[in-house]
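Take a look at the letters that make up each chain.
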Amino acid sequence: MGRRATEAEIVPLSPANPVGVAFKRSRHPHVRSRAAIAGFAFIAVAGFALVNVIDPFSGTTTTPAYAESLQQIPMTERYEGAPAQELTAPDAPAQTITREPVSVKAKPTPTPTPTPTPTASKKSSSSSSRSSNPSAPIPTAGTARDLGYQMMQARGWGDDQWGCLDSLWSRESGWRVNAANPSGAYGIPQALPGSKMGPGWETDASVQINWGLGYIAGRYGTPCGAWAHSESSGWY
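The rules behind each value
- Residues numbered from 1 in each chain as written.
- Predicted model: local features only at pLDDT ≥ 70, side-chain atom pairs only at ≥ 80, totals over all residues.
- Heavy atoms only, no water.
- Axes fitted to C-alpha atoms, helices over the stretch in contact; angles between N-to-C directions.
- Helix = DSSP H or I, 4+ residues; strand = E, 2+ residues; numbered from the N terminus.
- Parallel < 35°, antiparallel > 145°, perpendicular 65-115°, else oblique.
- Left-handed = near helix turned anticlockwise from the far one by under 90°.
- Contact = heavy atoms within 4.5 Å.
- Nonpolar A, V, L, I, M, F, W, Y, C, P; charged D, E, K, R; others polar.
- Disulfide = S-S within 2.5 Å.
- Buried < 20%, exposed > 50% of the residue type's maximum accessible area, 1.4 Å probe, protein only.
- Phe/Tyr/Trp six-rings, centres within 6.5 Å; stacked < 30°, edge-to-face > 60°.
- Salt bridge = Lys/Arg side-chain N within 4 Å of Asp/Glu carboxyl O.

Undergrad: Would you explain the packing of helix α5 (residues 144-154) against helix α7 (residues 205-219) in this entry?
TA: When two helices pack together, their arrangement is given by the angle between their axes and by how far apart the axes lie. In contact at an axis separation of 10 Å, α5 and α7 are set at 40° when each is read in the N-to-C sense. Classed by the angle they form, the pair α5 and α7 counts as oblique. Pair α5 / α7 crosses with right-handed handedness. Residue-level contacts link Ala144, Leu147, Gly148, Met151 and Met152 of α5 to Ala205, Ser206, Ile209, Asn210 and Leu213 of α7. Here the contact of α5 with α7 is composed, by residue class, of seven nonpolar, three polar and no charged.

This is how it looks when you write it as structure tokens:
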């Protein structure tokens, strides 16, 4: 087989044994070399990682001495007296902000709606018109006026209409059955022509009054309506 060493041998200085320590030669020297190489590689990788991850000057820059040294460095010189570079930017154009004038308009005041007073005015106008209507006494029985008064009431008109009817036909014919006008109008109501009043139109007062009241009701509504038209135009 081989020779067995009984005591340590002194190995001369070499890269594998830089201090010349006596040790027993290994039967497998290549295994020892591989372990040394692997350990050295691990230390190198760990050191490289720490240098890149941790700033070596992080602790130094936080010290007061480092801050004072920065203040002592002149601002015009760097790197052994070399002049510092200066960058001068051109003047930027001044920005002018203009704002259009704002006008405030007052809120328009709403026009109040006038409150109408219809009821009082209508009543007052109707009462004034009634007060302006003419009045007449109750006629004597057996006369043409009396016949006209009775036939008027038979149509549903009250005594307030009698004064208007009496004044109207007093002006037109004086309540005369045979009253004739050059225009062709005839009788108490002055029908034109008189013949349209029907049979008995020349002498019968009841025929003439009946026709006259029908004409007034159809055209003016009431004797006072016919009287108002006669007052404004001179005819009815």
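Undergrad: How do you make sense of the state of the cysteines when you look at a structure like this?
TA: Disulfides are covalent bonds that connect the sulfur atoms of two cysteines. For the structure on display, the rule yields one disulfide. The disulfide partner of Cys164 is Cys224, and the gap between their sulfur atoms is 2.2 Å. A torsion of 85° about the S-S bond marks the disulfide between Cys164 and Cys224 as right-handed. Of this pair, Cys164 sits in helix α6 (residues 162-172) while Cys224 is found in helix α8 (residues 223-233), placing the two residues 60 residues apart along the sequence. Of the two residues examined, Cys164 and Cys224, each falls in the buried class.

Undergrad: What exactly am I supposed to notice about unusual backbone geometry here?
TA: Negative phi characterises most residues that are not glycine, and trans characterises most peptide bonds. Backbone torsion omega between Leu192 and Pro193 reads -10°, so that peptide bond is classified as cis. Its place among the elements puts Pro193 in the loop between α6 and α7. Phi is positive for Trp175, close to 65°, though the residue is something other than glycine. In this structure, Trp175 sits in the loop between α6 and α7. Although it is not a glycine, Gln190 adopts a positive phi angle of roughly 60°. Along the chain, Gln190 turns up in the loop between α6 and α7. Exposure remark for Gln190: the relative accessible area of 13% places this residue in the buried category.

Undergrad: Sorry if this is basic, but what is going on with the packing of aromatic side chains here?
TA: Each pair of aromatic rings is reported with the distance of its centres and the angle of its planes. The tally for this structure, following the rule as stated, stands at eight aromatic pairs. Geometrically, the ring pair formed by Tyr215 and Tyr220 is edge-to-face, given 6.4 Å between the ring centres and 80° between the ring planes. On the basis of relative accessible area, Tyr215 is assigned to the partly exposed category, the value being 23%. Grouped by ring-pair contacts, the aromatic residues Tyr149, Trp162, Trp169 and Trp175 constitute a single cluster.

Undergrad: Just to check I follow, could you spell out the side chain of Ser167 for this structure?
TA: Here Ser167 is to be found in helix α6. Sequence-distant contacts of Ser167, defined by excluding residues within four places in its chain, comprise Pro134 and Trp227.

Undergrad: Can you help me understand the packing of α6 against α8 in this one?
TA: Running from N to C, α6 and α8 cross one another at 45°; their axes reach a closest spacing of 8 Å. On the basis of the axis angle, α6 is oblique to α8. Handedness of the crossing formed by α6 with α8: left-handed. Between α6, through Cys164, Leu165, Ser167, Leu168, Arg171 and Glu172, and α8, the contact on the second element is made entirely by Pro223, Cys224, Ala226, Trp227, Ser230 and Glu231. Broken down by class, the residue content of the contact of α6 with α8 amounts to seven nonpolar, two polar and three charged.

Undergrad: Even after reading the chapter, I still don't get the pattern of salt bridges, so can you show me in this structure?
TA: Pairs can form between side chains of opposite charge whenever their charged atoms are close. Counted according to the given criterion, the structure contains two salt bridges. Notably, a salt bridge pairs Asp166 with Arg145, separated by 2.8 Å at the nearest N-O pair. With Asp166 in helix α6 and Arg145 in helix α5, this pair connects stretches of sequence that are 21 residues apart. A relative accessible area of 12% places Asp166 in the buried class. Glu231 is paired through a salt bridge with Arg171; the nearest N and O atoms lie 2.5 Å apart. Of this pair, Glu231 sits in helix α8 while Arg171 sits in helix α6, and the two are 60 residues apart along the sequence. For Glu231, a relative accessible area of 48% gives the class partly exposed.

From the geometry alone we can't say anything about function, so treat these as descriptive.
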